[in-house]
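Letter by letter, the chains look like this.
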Amino acid sequence: VVNNEQSSYNKTIKITESDINESSFSGTLVYDIDATCGMDNREIEFAEDRIIGSVNLPEISKTAKIVTANGDSMEPVIYNGNRVVIREIFNWEDIFYGQIYLILLDEYRMIKYIRRYEQDEKNYIILRTWHIENTRNNKIKLHKSKIRKLFIVENILSVKTQI
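Throughout what follows, the structure given in this document is the object of discussion.

**Digging into the overall build of the chain**
Next up, step 1: For the chain, the helix and strand inventory stands at 0 helices and 12 strands.
Next up, step 2: Starting at the N terminus, the α and β elements of the chain follow one another as β-β-β-β-β-β-β-β-β-β-β-β.
Next up, step 3: Out of the 163 residues belonging to the chain, those deemed buried represent 44%.
Next up, step 4: Residue pairs at least 24 apart in sequence account for 63% of intrachain contacts in the chain once pairs closer than 6 positions are excluded.
Next up, step 5: When the accessible surface of the chain is summed, it comes to about 9100 Å², and 44% of that surface belongs to carbon and sulfur atoms.

Okay, here's the thing in structure tokens:
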């Protein structure tokens, strides 16, 4: 089920645990890596030993990567424990302002919306959380040169478990 409440690029897809195939890696690879909806210190390496399964759905590119989102600053768009489908962006001209990205810095790895910084768009961006009322952490001015890697969040996977 694709939830089109988000923008046309970021979509929430509801899947069950059985949709994550732990024995065959023929679809989009799922990694045992978390991405923080906050500002935690974490590295990101897509090594073979970090693969825990794959997802084979038509809405998800087989060349993307899937990691787990932690934290609550992006709720209700991304909930703690959701999996996010990411694709690396190599060129700033390919940035879609207003979309959700995983941003890797030297000290932090975080999931945020990227907005234009109108006063100096060439050098800076604004990172925003979902929580408008959270004024302390809602808006971060960031120099583009500090970004080591950038991944667009193409899909959000909400894994339904039945116990």
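Now, onward.
**Description of the pairing of strand β5 (residues 51-55)**
It is a general feature of regular strands that their side chains alternate between the two faces of the sheet.
Next up, step 1: Where burial is concerned, most of β5 is hidden: 4 out of the 5 residues are buried.
Next up, step 2: Sheet topology note: the strand β3 (residues 20-21)/β5 ladder contains 2 bridges and is antiparallel. Bridge pairing in β5 places Ile20 opposite Val55.

**Remarks on the pattern of salt bridges**
Next up, step 1: Under the counting rule described, the total for this entry stands at 3 salt bridges.
Next up, step 2: For Glu154, the salt bridge goes to Arg87, with nearest N and O atoms at 2.5 Å. Taken together, the residues Glu154 in strand β12 (residues 149-160) and Arg87 in strand β7 (residues 83-89) connect sequence positions 67 residues apart.
Next up, step 3: Overall, the relative accessible area of 29% leaves Arg87 in the partly exposed class.
Next up, step 4: A salt bridge links Arg148 to Asp106, with the shortest nitrogen-to-oxygen separation between them at 3.7 Å.

**A word on the nonpolar core**
Next up, step 1: Grouped together as the largest cluster of nonpolar side chains are 19 residues, with contacts concentrated most on Val67, Ile78, Val84, Ile100 and Ile111.
Next up, step 2: Residue assignment for this core shows that the elements contributing at least two residues are β4 (28-36), β6 (65-70), β7, β8 (100-104), β9 (109-116) and β12.
Next up, step 3: Top element by residues in this core is β4. It accounts for 4 residues.

**What about the side chain of Asn82?**
Next up, step 1: Tracing the chain through its elements places Asn82 in the loop between β6 and β7.
Next up, step 2: A distance of 2.8 Å separates the side chain of Asn82 from the backbone nitrogen of Tyr79, its partner in a polar contact.
Next up, step 3: Residues in contact with Asn82, not counting those within four places in the same chain, are Val67, Thr68, Ala69, Val77, Ile156, Leu157 and Ser158.

**Quick notes on the packing of aromatic side chains**
Between two aromatic rings, the relevant description is the distance of the centres plus the angle of the planes.
Next up, step 1: One pass over the full model with this rule turns up 1 aromatic pair.
Next up, step 2: In this arrangement the basic side chain of Lys141 is found over the ring face of Tyr124, its NZ or CZ atom lying 4.6 Å from the centre.
Next up, step 3: Across the ring face of Trp92, the terminal group of Lys144 is positioned such that the distance to the ring centre comes to 4.7 Å.

Parameters at a glance
- Residues numbered from 1 in each chain as written.
- Predicted model: local features only at pLDDT ≥ 70, side-chain atom pairs only at ≥ 80, totals over all residues.
- Heavy atoms only, no water.
- Helix = DSSP H or I, 4+ residues; strand = E, 2+ residues; numbered from the N terminus.
- Buried < 20%, exposed > 50% of the residue type's maximum accessible area, 1.4 Å probe, protein only.
- Contact = heavy atoms within 4.5 Å.
- Areas by Shrake-Rupley, 256 points an atom, 1.4 Å probe, with all protein chains shown as cover.
- Pairing = 2+ DSSP bridges.
- Salt bridge = Lys/Arg side-chain N within 4 Å of Asp/Glu carboxyl O.
- Core = buried A, V, L, I, M, F, W, Y, C linked by side-chain atoms within 4.5 Å.
- Polar contact = N/O pair within 3.5 Å; in protein donor to acceptor, adjacent residues only side chain to side chain.
- Phe/Tyr/Trp six-rings, centres within 6.5 Å; stacked < 30°, edge-to-face > 60°.
- Lys NZ or Arg CZ within 6 Å of the ring centre and 35° of its normal.

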